[in-house]
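# Fold and contact review
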Amino acid sequence: MTTDKTQFLEQLNHVQREAAVYSDGPLLIIAGAGSGKTRVLTYRVAYLVKFCGVSPWDVLALTFTNKAAGEMKDRIQDLIGIPSRDMMIGTFHSMCARILRREIEALGYSSKFSIYDESDANRLIAQCLDEEGFDRRTYHPRAIKAAISRAKSEMADPDTLGGLASNITEEITAQVYRRYQERLRENSAVDFDDLLLLTVNIMELYPDVLEKYRQRFKHVLVDEYQDTNAVQYHLVKLVAEKHGNLTVVGDDDQGIYSWRGADIRNILEFEQDFPKAHVIKLEQNYRSTQTILRAANAVIMRNAGRKEKTLWTDNPEGELVRCYQAADEHGEAAMVAVETRRLVEEEERSFSDTAVFYRTHAQSRVLEEALIRLGVPYRIFGGTRFYERQEIKDIVAYLRVIANPSDEVSLRRIINVPTRGIGKTTLGHVERYARDYGISLMNALREVKEIPGLSARAVESVGGFLKMIDGLVMFMDEHDIEALIKEVWDRSGYMRELEAERTLEADARIENLQELLGVVEDFKVEYGSVSLDDFLERVSLVGDTDEMEEEGGYVSLMSLHNAKGLEFPVVFMTGMEEGIFPHIRSMEDPTGLEEERRLCYVGMTRACEALYVSHAECRSLWGGVSANPVSRFLTELPGEYLKETIPEEGVAVEPGEELDLVPGDVVSHAKWGRGTVLELVEKDNDSEVVVEFPALGTKRLLLCYAPLKKLEK
DNA sequence: GCCTGTGCATCGTCT
DNA sequence: ATGCACAGGC
């Protein structure tokens, strides 16, 4: 920590320094990949606090991921030496959630509102479709949800959407949207889009509220500005336009979220929006080798309509981009696993230096299998998140009902889990009663004795359920969350049920539930005491992918989208095939393709020192096998930057290929020398061979990428 | 009321 | 290949 201003600013190059100290209104920082964007943002905040008399309280810094927010917090804390807890640094969504906890009652929601994730929302949409009498097989809830989501991110309400409708599906969407929104409010629940939208609504409806936040956030900074959508744009504008202390950072070449409403024009037109805006371009890359940077530039150059910039670096030239063509996805995965291990064993890398990227999560499983087989530790980011697992969602649904009894989606989820005799028929009667009397489902349950057509047994079951919930609500008042969670396991019978099952799957679920306690523990360490509301909010907004534990060292597996904002010494980009990447669904129009190209650029520029690109000649996906041509992004890469990578010496044995190895054969390994085959193991499509090396002992090798050569006896 | 099997549709990226 | 919705049997 430094206190001397000159010394402080010496940590930056002169352009970065200009950006850090600029103090005269709106500032746009165009920050090329690896140009020290986060560094500038953190130094800027630290500079404001340390040398300009700005209170940490006055600062609002918005990011898109919790990971980015966490990193910024840590770095600012290091720079200014006061807990960054005092600063509002977070994602758009978490900041809005916090504002809504205070303000949402103005819109008729409970301040204990639930936050519905995609699957909760889809359930509710399905229910709305039913209620409106539409067939949910003709109108897929997911598609409707996506359309509503798009409308919300463009700030269109149901009436607006209905007005724009040009066909029956769009009209139905608008109609479902209206009901969906009503239902959300009745449940005191919001979806992800609402977090932003309702915040904007409140600020527009209640000038005093808006004024409060304008006073509160005297300095606003927005990261990844190219990814903001209309709502986020409005939010930023509402809060920051008056005082004009707004810094936005972004790179139009890294805009990869147009599909969720991000509008790249927000960054391209910043200067029109804020006429006094000053623009600073960061063009020196500190991250990648010359070769990697040039290769990435060669790809992104193909896009039209970019803000011209010339990214350069002083870094060494570095090694060529390594390209590997595998026979199929297993061969590709094996290459990644073998190479990763080799880097650790022979080039003094650690596993945490390495990241493996793919376009879709479906590709991760094969990679995972290969890594497991070679004993390479890894972590997967994104995909089926911890919090989306059934058992976690069930327990969280209990907690939500305890916190917010209006939350019908959660109530329905748990009312008969584990089964307690409140099935379809019973629920149907209760629902009907609730509708007839215009009361909530929970309140209808409380009047169960009045509901006609219910058996004495059903009445008893409902009574038991209510008694349990009420008991838990009372329990909550006097205990902390850990105790509450355990009590839920206990009283609901959920844990008993799992324990009785005695299957591997059930054991895994129990482990996950234990892990939920671990989450509470971590949360406590970070923030001190935790209320149920705080906890539920975190569960809804923080993907486990955001928690990157460094201990031990793992290879990181993640989607390209997940990779944004990160960097790794070694990067593998897999599945470089037409139809996979660029993704088939993006290939219909040029805009989609350009976005994929930006995604490719993002992926490549994550690499500091070594970049691998790989593709498979054929790939099993969606039940069938397809032979995909090599990705255009690879063919766009000038050959001078590429080097074919093949197993050194020896032969690459592709899966399925006959290999006449038998126990007793003598083989030569490219690095480990001579060994004797002990055993051959057939596994699905892969074969393994167990080889005894005199110097090293027994090794298991994947045959599809084994740098092995059979020696004549 | 609950469980199991079958048929069907889907198959992207995130908060 | 997977996951979801519904029908039918217990």
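Residues numbered from 1 in each chain as written. Chains lettered and ligands numbered in written order. Predicted model: local features only at pLDDT ≥ 70, side-chain atom pairs only at ≥ 80, totals over all residues. Heavy atoms only, no water.

## Brief notes about the protein's contact with DNA strand B
Residues in contact with DNA strand B amount to 29 residues; listed here are only the nearest, H140, R359, H361, N416 and T425. The sugar and phosphate moieties of DNA strand B supply 56% of its atoms located within 4 Å of the protein. The side chain of H140 places a nitrogen or oxygen atom 2.5 Å from a phosphate oxygen of DNA strand B. H361 has a polar backbone atom sitting 2.9 Å from a phosphate oxygen of DNA strand B. When residues of the surface near DNA strand B are traced back to their parent elements, those giving at least two are α20 (424-437) and α27 (560-563). The leading source of residues in the surface near DNA strand B is α20, at three residues. (Near = heavy atom within 4 Å. Polar contact = N/O pair within 3.5 Å; in protein donor to acceptor, adjacent residues only side chain to side chain. Helix = DSSP H or I, 4+ residues; strand = E, 2+ residues; numbered from the N terminus.)

## Considerations on the packing of helix α15 (residues 290-300) against helix α28 (residues 590-604)
Relative to each other, α15 and α28 sit at 175°, their axes nearing to 9 Å. When the axis of α15 is compared with that of α28, the two are roughly antiparallel. Of the residues in α28, those touching α15 at I292, A295, A296, N297, V299 and I300 are R597, R598, C600, Y601 and M604. Tallied by class, the residues present in the contact of α15 with α28 amount to eight nonpolar, one polar and two charged. (Axes fitted to C-alpha atoms, helices over the stretch in contact; angles between N-to-C directions. Parallel < 35°, antiparallel > 145°, perpendicular 65-115°, else oblique. Contact = heavy atoms within 4.5 Å. Nonpolar A, V, L, I, M, F, W, Y, C, P; charged D, E, K, R; others polar.)

## Observations concerning the nonpolar core
If you look at the biggest cluster of nonpolar residues, it comprises 67 residues, and the most contacted ones within it are V176, L195, V222 and L246. In this structure L195 touches H93, C96, A97, L100, F113, I115, V190 and L541, once residues within four positions along its chain are discounted. By size, the runner-up hydrophobic cluster in this structure holds 55 residues, among which are Y387, L399, Y433 and M468. (Core = buried A, V, L, I, M, F, W, Y, C linked by side-chain atoms within 4.5 Å. Buried < 20%, exposed > 50% of the residue type's maximum accessible area, 1.4 Å probe, protein only.)

## A word on the sheet that holds strand β3 (residues 88-91)
Taken in spatial order, the six strands of this open sheet run β3-β2-β6-β7-β1-β8, and their pairing is parallel. Since the sheet does not close on itself, it has two edges, and those belong to β3 and β8 (278-282), each with one partner. On average, each strand axis in the sheet is inclined to that of its neighbour by 15°, with strand direction left out of account. Direction of pairing for strand β2 (residues 59-63) relative to strand β6 (residues 219-222): parallel, over a ladder of four bridges. Opposite A61, over in β6, you have L221 as the bridge partner. Relative to β8, helix α2 (residues 14-21) is tilted by about 145°, and along the sheet it contacts β1 (27-31) and β8. Contacts from helix α5 (residues 92-103) reach β2, β3 and β6 within the one sheet, and its direction differs from that of β3 by about 115°. (Pairing = 2+ DSSP bridges.)

## Some words on the sheet that holds strand β11 (residues 321-326)
Strand pairing in a sheet takes place through backbone hydrogen bonds and is either antiparallel or parallel in direction. The sheet built from seven strands is open, its strands ordered β13-β14-β12-β15-β16-β11-β19 with parallel pairing. Sheet topology places β13 (378-380) and β19 (642-644) at the edges, where each strand pairs with a single neighbour. The mean angle between the axes of side-by-side strands here comes to 25°, regardless of whether they run parallel or antiparallel. On the sheet, α15 packs against β11 and β16 (607-616) and is oriented at approximately 50° with respect to β16. The strands that helix α16 (residues 329-346) touches are β11, β12 (354-358), β14 (555-559), β15 (568-573) and β16; relative to β16, the one it contacts most, it runs at about 155°.

## Looking at the pairing of β1
The buried fraction of β1 is high, at five of five residues. Here β1 runs beside β8; their pairing, made up of five bridges, is parallel. If you follow L27 over to β8, its bridge partner there is H278. Sheet topology note: the β1/strand β7 (residues 246-250) ladder contains four bridges and is parallel. The partner of I29 across the bridge, within β7, is V249.

## Quick word on the pattern of salt bridges
Note on pairing: side chains with opposite charge can pair once their charged atoms come close. Counting across every chain of the model gives 53 salt bridges. The residue D223 makes a salt bridge to K37 at a minimum N-O spacing of 3.4 Å. In this pair, D223 is assigned in the loop between β6 and α12 (230-240) and K37 in helix α3 (residues 37-51), connecting sequence segments 186 residues apart. Judged by relative accessible area, which is 5%, D223 ranks as buried. You can call K37 buried: its relative accessible area is 17%. (Salt bridge = Lys/Arg side-chain N within 4 Å of Asp/Glu carboxyl O.)

## Quick notes on the environment of D470
As for its position among the elements, D470 is in helix α22 (residues 456-478). C-alpha of D470 to C-alpha of I402: the two residues are 68 residues apart in sequence and 8.1 Å apart in space. A polar contact is formed between the side chain of D470 and the side chain of R446, at a distance of 2.8 Å.

## Some details on the packing of α2 against α3
To characterise two packed helices, one gives the angle between the axes of the helices and the distance between these axes. Here α2 crosses α3 at 45°, and the two axes come no closer than 8 Å. With respect to α3, the element α2 is oriented oblique. As α2 runs across α3, the sense of the crossing is right-handed. Residues Q16, A19, A20 and V21 of α2 form the contact with α3, whose participating residues are R39, V40, Y43, R44 and Y47. For the contact of α2 with α3, the residue count by class is six nonpolar, one polar and two charged. (Left-handed = near helix turned anticlockwise from the far one by under 90°.)

## Thoughts on the packing of aromatic side chains
Pairs of aromatic rings are described using the distance from one ring centre to the other and the angle between the two planes. Under the counting rule described, the total for this entry stands at 14 aromatic pairs. On the numbers, 5.6 Å between centres and 55° between planes, the contact of Y257 with W259 is tilted. Y257 gets classed as buried once you look at its relative accessible area, which sits at 11%. With a relative accessible area of 53%, W259 lands in the exposed category. (Phe/Tyr/Trp six-rings, centres within 6.5 Å; stacked < 30°, edge-to-face > 60°.)

## Observations concerning the side chain of E408
Locating E408 in the fold gives a position in helix α19 (residues 408-414). Once residues lying within four places of it in the same chain are set aside, the contact partners of E408 are Y116, Q127, N187 and L441.

## So, the environment of K564
Its location among the elements puts K564 in the loop between α27 and β15. Classification of K564 as buried rests on a relative accessible area of 12%. In this view, K564 contacts E224, Q226, D227, Q254, I256, Y257, V602 and R606; residues no more than four positions away in its chain are not counted.

By themselves these figures say nothing about function.
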